[in-house]
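# Descriptive structure summary
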Amino acid sequence: MSAAVAPEVAPAVQEIKKTTCYMCACRCGIRVHLRDGQVRYIDGNPDHPLNQGVICAKGSSGIMKQYSPARLLKPLKRKAGAERGAGDFEEISWEEVYATLAERLGKIRATDPKKFALFTGRDQMQALTGLFARQFGTPNYAAHGGLCSVNMAAGMIYTIGGSFWEFGGPDLDRAKLFVMIGTAEDHHSNPLKIAIAKFKRNGGRFISINPVRTGYSAIADEWVPIRPGTDGALLLAIIHELIAKGLYDRDFLVRYTNAGQLVNLDDKHDEFGMFVRTEVPQEEACYDPQNKLWWDRISNKPVITHSEGADPFLLGEFVLSDGTPVKPSFQLLQERVQDYTPEWAAQITGIPVDVIRRLAYEMGVTARDQQIELPIAWTDSWGKEHDTVTGNPVAFHAMRGLAAHSNGFHTIRALAILMSLLGTIDRPGGFRHKAPFPRPIPPCARTPTSPLAVRPDTPLDGMALGWPSDPDDLFIHEDGTPVRIDKAFSWEYPLSVHGLMHNVITNAWRGDPYRIDTLMIFMSNMAWNSTMNTVEVRKMLNDKDEHGEHKIPFIVVCDAFQSEMTAFADLILPDTTYLERHDAMSMLDRPISEFDGPVDAVRIPVLPPSGECRPFQEVLIELGARLKLPVFTASDGSRKYRDYPDFIVNYETEPGSGIGFLAGWRGRGGEKFMRGEPNPNQWEMYAKNNCIYHHELPRSYQYMRNWNQGYLEWSQRNRITRYAEPILIHLYSEVLQKFRLAAQGKGISRKPPEHLKQRVETFFDPLPFFYEPLETQLTDKHKYPLAAITQRPMAMYHSWDSQNAWLRQIHTYNTLYVNTQTARLQGIADGDWIWVESQWGKVRCMAQHSEAVEPGTVWTWNAIGKAAGAWNLTPEANESRQGFLLNHLISDELPGKPGASRVSNSDPVTGQAAWYDVRVRIYKAGAEEAQETSPQFEALTPVPGMKQRPTWLAYFGGGKIK
Amino acid sequence: MTQLALVIDLNVCVGCHACVTSCKEWNTSGPAGAMSDERPYDVNPTGNFFNRVQTFEVGEFPNTETVHFPKSCLHCEDPPCVPVCPTGASYKRKEDGIVLVDYDKCIGCKYCSWACPYGVREIDEKQKVMKKCTLCVDRIYDQSLPEAERKPACVMACPTSARLFGDVHDPESVVSKAIRESGGYPLMPEWGTQPANHYLPRRKTRLRIHEDELERTDNPLKIDRQLPKPDMAEPSLDDVTSW
């Protein structure tokens, strides 16, 4: 049967090429169908483990990204005399780009390498960008994790040795109850959609806890509206109920967590609040030595943990023979949650008491009564053989809904503890790790600990980012002041494991802690939606000192599209799109591993680069060679790697280490994996295998990996980890206690400066506690009664897609969703123009009534509003007239205590940007006011080299209509 | 007689719009293309789509449902768009029930879009012809595609598998079973159009916990909780009576 629809398409050269999507950070496998060399169609690769053939709205619109008129096609420099932000550029050659950068960066490197700062919006290329920064010698490097979701990474990894998204996730294949807390739609996109749908079809129960019912919450069996920033109170009350009702998994807690370990409670002692150690001297290594004590129920005396035949008390108080009072850490947890009753939490969260109790009971009863036993034999780290793997089928997922608050770290610690109490860690139906996780707590990477690590013409002596385990790991000067421009790993934000990108511009502008020379930004819109305090930050980017010199002397931006940020650049490097480049989703960074084993992936170009675009990777390799950075330079001083693909194949972490960016098809003939000599045909082998390498572990290594001897030894043999020691869950965090002790003046470690002592002592609590977000504490809640947050639209990724002709028709502008009753009380009708005002600024926007938001919250879609003329939209485009940017209302800093300096509006433990903490009020805009958003900025004009935007689009990919 | 159709499961549709753009992407470069977009980078961009997702709220806070509702041509068994067409461009295929438009005959008079009670026909403002969902008629019979891919683009794309495709006249088909077993319903049956496409409603899973399920025989507190023991020296009955 032939299709009777005309017209038919003439035969044309058709080709299908496989690569990896990058319309968001999910990294699905795609097939790009080409016709006469043009993209005819992009669909999901059915043989790819992540998306199994499906694709999302963004992935299906890749064509419109590829051919968008907002593409930057030429290297550009700001015209002499033009103001930053005005977008007045002239074309230059790549040779001039490289010569300019090599000269400028060469001088910086030879004098003071920290004056070069490299910050990237994308953190799936950190293996290379981080290597470049380290080789350059600057400590001032990070990706965007600090403003994204570092609380989720740090809170979970410091507790269970793994976290959500790339590092692990809910096992919905086996779960019976799934609880999603806060917005998480963009991480992990298609795999989570596939999993939730299957889960629901299999009869699972899905509860969503979120101030807003949209996205995945829409199909939840139950929606539990909650006030933003109060999730910690809910989670602690649930823990209270689980313990009070005896619904915790005692066997799991005893063997796999530090619940039974005895804590020294002699408050005169330097070791107060630390676990009591046996006489065995502690090894200096990156794991928890097995030298702690239990109080054994059988012999009623202290024994070394996991002693054969022993069973510890989890509750009670005891006295050691030397008179030291001790308690098991579970006892301390129970005491901590004593007053965190459902009644208490109901007042804070707005969730009724009986709902909080029921949530706890549903979790506890499902975990216990629907227990799974899989016939998988495995051996634990203490040599005990198990015939089965047990699963307590309650799964959770959360991302930035919990993370983007200044109390997020402790909230997420509470979540990880709740998941552990239910006995769900790396078990069927619960949370499961993805390689290279689990890691020791904390993971072994460390930053340098003193400014001496930063020396001219020398690589940085340590990693720019790491995982502090005690105050001596901080990256600070002798007087306690920060070494890094973003103040990461300082006493202000000691566990800022992803850096604080959101502090960089403000700090560099103010010269606190110092001024820098060159700021290089890759793929981050820091003059718009990837910054807080946007209006002021834009001024800082163009601000000049008394000599008329820019306070941030040189700004380099690499991006594929013209944006609000590129307008502020001195130098613009036109990047390729994902269809035009090689890429490695590396085990050294954030691979795409599955629960069943490690997976890494590549991109292989499907199309030649457009215009004069060059991939940022090639720029780094070229600069590395020109600057003669050791890794990129051969022993005779010549260039070591021809290009990025050559680098990926031949680079080894150390000469002969056999560890490189890609884990698959290593060894001369591609016969090895994880570790092996470089294979000259590695790219071809990836190309033939759907652009992935997937190593499926034996079933006995797929679960309980924190304590699975077989898995840990496999992991050690394959150099995924250095130690095969068990990774006990930290219900009670000694790491946090060590910082608290330092703040209390105890012990021999470094001590915080006077003005930060109280802050460190308060927030470095070894057990999770609830406090109001810092901004809320500073806000008159009668004046600013509403919380304002954003949600993630599934058809857009951050600000990336307004230049996409199809996707922008789905989200052309954003409105502020207001609960109908809340709006009516203010006399605000559906569709009215209103002002939203915080302590820090105000924005005019359109209100939309909604029954799907709790009355104390207003919300909008993230990053739909644009500056006029940006992304090569016309200045009249809806995005810049009707749409608005909530970031104008959010401060990057909070006033400190009287006499103290300002601090970043961030979590005091991790430095996570607290952009979900803002409080606002709303009121009708005057009838005489313009019906468009405010503030407005002078419209950007297209830069040289860009294509003209058409007034009509009728895309037909290749071939001809007969 | 065959009647091909889509069955859309509102119980799992998360409103991600994958069906919307994958449809546009497939069809713009196919026999129905190009599907034009007016003012693609300007104010009020508007383009030709065969499939759109509408999102609406049902109920009042806090008893609110947010419904994502994908909508395309329903391929009615008695399509009101066909008899009104003055040129015979709109027609329903006997062999598989797909409602199509012959662009060579279409004069863009829009009668059909006025007649359609579901608002699923969209004029292509550039070509001035009426366009609509073809159920990817150029995919589903294409022998050059692997059999598993002879499905509409939206069905292939859908991450939650919320879109089922098949013959609603065949009682054993996946779509007929879904309609039968999961309460599938047509849109506005009162119009007598007999839409071939159906929707599956939201279904709720609940957990009933009986009170005695909370009194657990395996309660670990029996092990962990130590009830306080009185001091031996504290007074007791032994001190005051001998019985």
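Scroll up to find the structure.
So, a few notes on the structure that sits alongside this text. (Residues numbered from 1 in each chain as written. Chains lettered and ligands numbered in written order. Predicted model: local features only at pLDDT ≥ 70, side-chain atom pairs only at ≥ 80, totals over all residues. Heavy atoms only, no water.)

### Concerning the sheet that holds strand β3 (residues 38-44) of chain A
All names here are of chain A. Definition in use: A strand pair is defined by DSSP finding two or more bridges across the two strands. Numbering of helices and strands starts at the N terminus; helices are DSSP runs of H or I of at least 4 residues and strands are runs of E of at least 2. Here, axes are lines fitted to C-alpha atoms. For helices the fit covers the stretch in contact, and angles between N-to-C directions go from 0 to 180 degrees.
A sheet is described by the order of its strands in space; here three strands give the open sequence β1-β2-β3, paired in antiparallel fashion. Strands with a single pairing partner mark the edges of an open sheet, and in this sheet they are β1 (14-20) and β3. Each neighbouring strand pair of the sheet contributes to a mean axis angle of 25°, computed without reference to strand direction. Pairing geometry for strand β2 (residues 29-35) and β3, over six bridges, is antiparallel. When the bridges of β3 are listed, histidine 33 appears paired with tyrosine 41.

### A closer look at the sheet that holds strand β30 (residues 816-819) of chain A
Residues and elements named next belong to chain A. Taken in spatial order, the six strands of this closed barrel run β29-β33-β30-β32-β31-β36, and their pairing is mixed. The average undirected angle you get between the axes of adjacent strands in this sheet is 45°. Sheet topology places β30 next to strand β32 (residues 842-850); four bridges connect them, and they run parallel. Residue pairing for β32: asparagine 819 is matched across the bridge by serine 850.

### Quick notes on the side chain of Asn197(B)
Residues and elements named next belong to chain B. The condition is simple: Polar contacts, as used here, are pairs of N or O atoms within 3.5 Å; protein pairs need one atom able to donate a hydrogen and one able to accept it. Residues neighboring in sequence count only if both atoms are side-chain atoms. Residues count as neighbours in contact if any of their non-hydrogen atoms are within 4.5 Å of one another.
Within the secondary structure, asparagine 197 is located in the loop between α5 (174-181) and β11 (198-200). Looking at asparagine 197, its side chain comes within polar contact range of the main-chain oxygen of cysteine 73, at 3.2 Å. Every residue in contact with asparagine 197, bar those within four places of it in the chain, is listed here: Ala5, Leu6, Ser72, Cys73, Leu74, His75 and Pro186.

### Observations regarding the side chain of Lys487(A)
Topologically, Lys487(A) is positioned in the loop between β22 (431-433) and α14 (501-510). Once you skip the residues sitting within four places of it in the chain, Lys487(A) turns out to touch Pro482(A), Glu492(A), Tyr493(A), Leu500(A), Asn507(A), Asp512(A) and Pro513(A).

### Focus on the pairing of strand β16 (residues 325-328) of chain A
Residue and element names in this part refer to chain A. Strand direction decides the pairing type here: strand β12 (residues 262-264) and β16, joined by three bridges, are antiparallel. Looking at the pairing, valine 263 lines up with lysine 327 of β16. Taking the residues that link successive antiparallel strands as the turn, the strand β15 (residues 318-319)-β16 hairpin has five residues, and the phi of glycine 323 there is positive, at about 90°.

### Quick look at the interface of chain B and chain A
Rules: Once two parts are joined, some of their accessible surface, as seen by a 1.4 Å probe, is lost; buried area is that loss totalled over both. The salt bridge criterion pairs a side-chain nitrogen of Lys or Arg with a carboxyl oxygen of Asp or Glu, the two atoms within 4 Å.
Taken together, the 83 residues of chain B in the interface contact 96 residues of chain A. A combined buried area of about 7,400 Å² lies between chain B and chain A, and 57% of that area is made up of carbon and sulfur atoms. It is Glu25(B), Tyr41(B) and Phe61(B) that lose the most area in chain B upon contact with chain A, and together they represent 12% of the buried surface on that side. Inspection of the region where chain B meets chain A yields six salt bridges.

### Observations regarding the state of the cysteines
Residue and element names in this part refer to chain A. Just so we agree on the cut-off: Throughout, disulfides are identified as pairs of cysteine sulfur atoms within 2.5 Å of each other. We call a residue buried when its accessible area falls under 20% of the maximum for its residue type, exposed when it is over 50%, and partly exposed in between, using a 1.4 Å probe and counting protein chains only.
Applying the stated rule across the entire model yields one disulfide over all chains. Two residues share a disulfide in this structure: cysteine 286 and cysteine 444, whose sulfurs sit 2.1 Å from each other. Linking cysteine 286 and cysteine 444, the disulfide has an S-S dihedral of approximately -90° and is accordingly described as left-handed. Of this pair, cysteine 286 sits in the loop between β12 and β13 (293-296) while cysteine 444 sits in the loop between β22 and α14, placing them 158 residues apart in sequence. Residue classification places cysteine 444 among the partly exposed positions, given a relative accessible area of 33%.

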